[in-house]
Amino acid sequence: MECSGAETLPRRIQGMLRLEGLFNQKGYLVCQSSGKKIYNFEEVVAVFIPLSSTNDQVMAVHCDCAQSFIQSSIASLHL
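Residues numbered from 1 in each chain as written. Predicted model: local features only at pLDDT ≥ 70, side-chain atom pairs only at ≥ 80, totals over all residues. Heavy atoms only, no water.

Before going further, it helps to spend a moment on the overall build of the protein. Scanning the protein from terminus to terminus reveals two helices and four strands. Helices (α) and strands (β) of the protein occur, in sequence order from the N terminus, as α-β-β-β-β-α. Across the 79 residues in the protein, those meeting the buried criterion constitute 23%. Across the protein, contacts joining residues at least 24 apart in sequence account for 35% of those joining residues at least 6 apart. (Helix = DSSP H or I, 4+ residues; strand = E, 2+ residues; numbered from the N terminus. Buried < 20%, exposed > 50% of the residue type's maximum accessible area, 1.4 Å probe, protein only. Contact = heavy atoms within 4.5 Å.)

A few words now on the nonpolar core. Among the nonpolar cores identified, the biggest contains 13 residues, and L19, L29, C31, V44, A60 and V61 are the most heavily contacted of them. When residues of this core are traced back to their parent elements, those giving at least two are helix 1 (8–26), strand 3 (44–50), strand 4 (56–62) and helix 2 (66–75). Residue contributions to this core peak at three residues, all from strand 4. Leave out the neighbours within four places in its chain, and V44 touches L29, I38, A60 and V61. (Core = buried A, V, L, I, M, F, W, Y, C linked by side-chain atoms within 4.5 Å.)

Now for the pattern of salt bridges. In the structure shown here, the tally under the stated rule is one salt bridge. The residue R12 makes a salt bridge to D56 at a minimum N-O spacing of 2.5 Å. Here R12 is found in helix 1, whereas its partner D56 is found in strand 4, with 44 residues between them in sequence. (Salt bridge = Lys/Arg side-chain N within 4 Å of Asp/Glu carboxyl O.)

Right, here's the structure in full:
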């Protein structure tokens, strides 16, 4: 996915840092696809859902669920 501006990458880095902060605070993240807790941060895939041309929503997804989560997200778009 192409970055639409110079500010997009720093915002995405901040989003990933927020996920890491939540993980460090709680000891896990909840997979947005399966609802299961992820206890190993290396198994987290950060999925950025564009809300607008300048704003993304970052979601934590387990690496085993990432491909199907992305595919179902794309399929649900009404282009």
